[in-house]
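The residues making up each chain are set out below.
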Amino acid sequence: MTINFIDLKAQQQAIYSQVMERIQTVLANGQYIMGPEVKELEARLASYVGARHAISCSSGTDALLMPLLAYGVGPGDAIFTTPFTFIASAEVIQLLGATPVFVDVDPQTFNIDPEALAAAIAGLGGSPKTAHLRPRGIIPVDIFGQPADYDRINDIAKEHGLFVLEDAAQSFGASYKGKRACALAEVAATSFFPAKPLGCYGDGGAIFTDDDELAAVLRSIRVHGQGTHKYDNVRIGLNGRLDTLQAAILLVKLDIFDQEVAARQVVAQRYSESLKEVVKVPFVAPECTSVWAQYSVLTDHREELQAKLKAAGIPTAIYYPLPLHLQQAFTSLGYQKGDFPVSESLAERIFSLPMHPYLQRQDQEKIAAVLGG
Ligand SMILES: *Cc1c(COP(=O)(O)O)cnc(C)c1O
C-alpha cells in the first residue's frame, strides 16, 4: 500500500456515482456558464460559513484580487500581510501596483503577529522606504487551516480605518471563537484548488461578505465590471466566474465535508499524540479549530527525517521553503534576510506530513515508527 500526501482517489471512490450524476445534469442542461448549480452552491456556501453573501469565482487568487479591485486598491496603498504564506497572498497586492508590507508571524500559530502588525502600521511613516504610503488594508492568512487572531486584527484595523481581507484559502471548515472561517473579517477569500480542504476538480474559489454593497460590486467585477445589462460596463473587472461543472462537483463534496473535517481531526490528533516527542507538533490556539490543510511539524533535523520517510515510501513537502520577502518577485520591495526572523526560521525547520481524511491508522503508525526510529 502506498501512502499518499493527499488522497483524492479515495475521496473520488466514495462519491463517484453522485459526481457523475451531477455532471450529467450539467451536460444535459448545457448551462456551462453560471448555471443553476452555481447559485445553489453559493447559497450552500453562505449558509455553511454564516455569511450573507458567497460569491463564487475562478480561483483563490481571484478571490483575493477581486475585493482589492472593489476597494480601489492601487499605487500608494500599503497592504499588510505575512511573508510566511503562498505567493498569491501578496502577489495580488503587487499586481495592482500597491505595496505589500510584510509583518512577521507568531512562532506558535505561524499566523500574523498582532503586536508586530500594530508596530508595522505605526512605523510606516518612520521609514523613508514607506513614508509615502497610505495604510489601506490587512490580509491575514489562516495558515495550514488555523484562523488568525481576528478579534485583535479587526480591532487594530478599526483603529486605523483599514479593511481586513481574510485569506481563508486553507481554512474553509475551520473556526475561531465558534464562528466559521470565511466569516471572520469584513470580506474573506477561499480556494477550491483540488488539494485544499474543500477542493474541486480544477480551479475555483469564493468570496464571502455580509456587506450587500460590496457583494454587488464583486458580482459586477466577476463579469468584466458589468452594469445593468451584459454590454453595460461600469467598472474594470475580469472574467472571474466559477464553471458550472466545478460548482456541481463542489455540491457533492460539500455533502461529505463535515465527515471529512471530523476525519481530519482524528488524523491530526493521532499524529500529535505519536510524534510529540520526536518533532514540534502543531499548536492549535484554544479559541480555534484547524481544518488541517497541512499537518506541519518543526525540527532541526529536517533533511534527515525527510530522507528517512522518503526511503520508506512516505511523501513529505515543505510549505514554505522561502519566505516571500526573500523571493525574487519581491526584490523591488528592498527586504533582506534577517527582516522577519520567525518566518525565516520556520522556512528552515518546517515540513508537512501526509494529511487527508482517508489516512489510515496503520499508515500513521508506520510514519511515526519511521520518524521515531
Ligand atoms: C492556495 C492558496 C491561495 C490561492 O488559491 P488558488 O485557488 O490556487 O488561486 C491563496 N492563498 C493561500 C494561503 C493559499 O494557500
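Above: the structure in question.
Note that the structure is predicted; figures quoted are calculated from it, not measured.

Some thoughts on the sheet that holds strand β6 (residues 175–176)
- Here three strands make up an open sheet; going across it, the order is β7-β6-β10 and the pairing antiparallel. Of all the strands in the sheet, just β7 (179–180) and β10 (288–289) have a single pairing partner and so form its edges.
- Bridging between β6 and β7 involves two bridges; their strand directions are antiparallel. The partner of serine 175 across the bridge, within β7, is arginine 180.

Observations concerning the packing of aromatic side chains
- One pass over the structure, following the stated rule, counts 20 aromatic pairs.
- Arranged with centres 6.1 Å apart and planes meeting at 90 degrees, the rings of phenylalanine 84 and phenylalanine 144 form a pair that is edge-to-face. Of the two residues, phenylalanine 84 is situated in the loop between β2 (77–81) and α4 (88–95) and phenylalanine 144 in the loop between β4 (134–138) and α6 (150–160); the sequence distance between them amounts to 60 residues. The pair formed by phenylalanine 84 and phenylalanine 144 is uniform in burial state, with each residue classed as buried.

Let's talk about the pattern of salt bridges
- Applying the stated criterion to the full structure yields ten salt bridges.
- For arginine 222, the salt bridge goes to glutamate 42, with nearest N and O atoms at 2.8 Å. Of this pair, arginine 222 sits in helix α7 (residues 212–222) while glutamate 42 sits in helix α2 (residues 36–49), and the two are 180 residues apart along the sequence.
- Taking relative accessible area as the criterion, arginine 222 reaches 5% and is therefore assigned buried.
- Across the salt bridge formed by glutamate 348 and lysine 337, the nearest N and O atoms sit 3.6 Å from each other. A residue pair is termed long-range when its members are at least 10 positions apart, and glutamate 348 in helix α11 (residues 341–349) and lysine 337 in the loop between α10 (302–311) and α11 qualify at eleven residues.
- Connected through shared salt-bridge partners, Asp77, Arg134 and Arg136 make up one network.

What counts, and where the lines are drawn
Residues numbered from 1 in each chain as written. Predicted model: local features only at pLDDT ≥ 70, side-chain atom pairs only at ≥ 80, totals over all residues. Heavy atoms only, no water. Pairing = 2+ DSSP bridges. Helix = DSSP H or I, 4+ residues; strand = E, 2+ residues; numbered from the N terminus. Phe/Tyr/Trp six-rings, centres within 6.5 Å; stacked < 30°, edge-to-face > 60°. Buried < 20%, exposed > 50% of the residue type's maximum accessible area, 1.4 Å probe, protein only. Salt bridge = Lys/Arg side-chain N within 4 Å of Asp/Glu carboxyl O.

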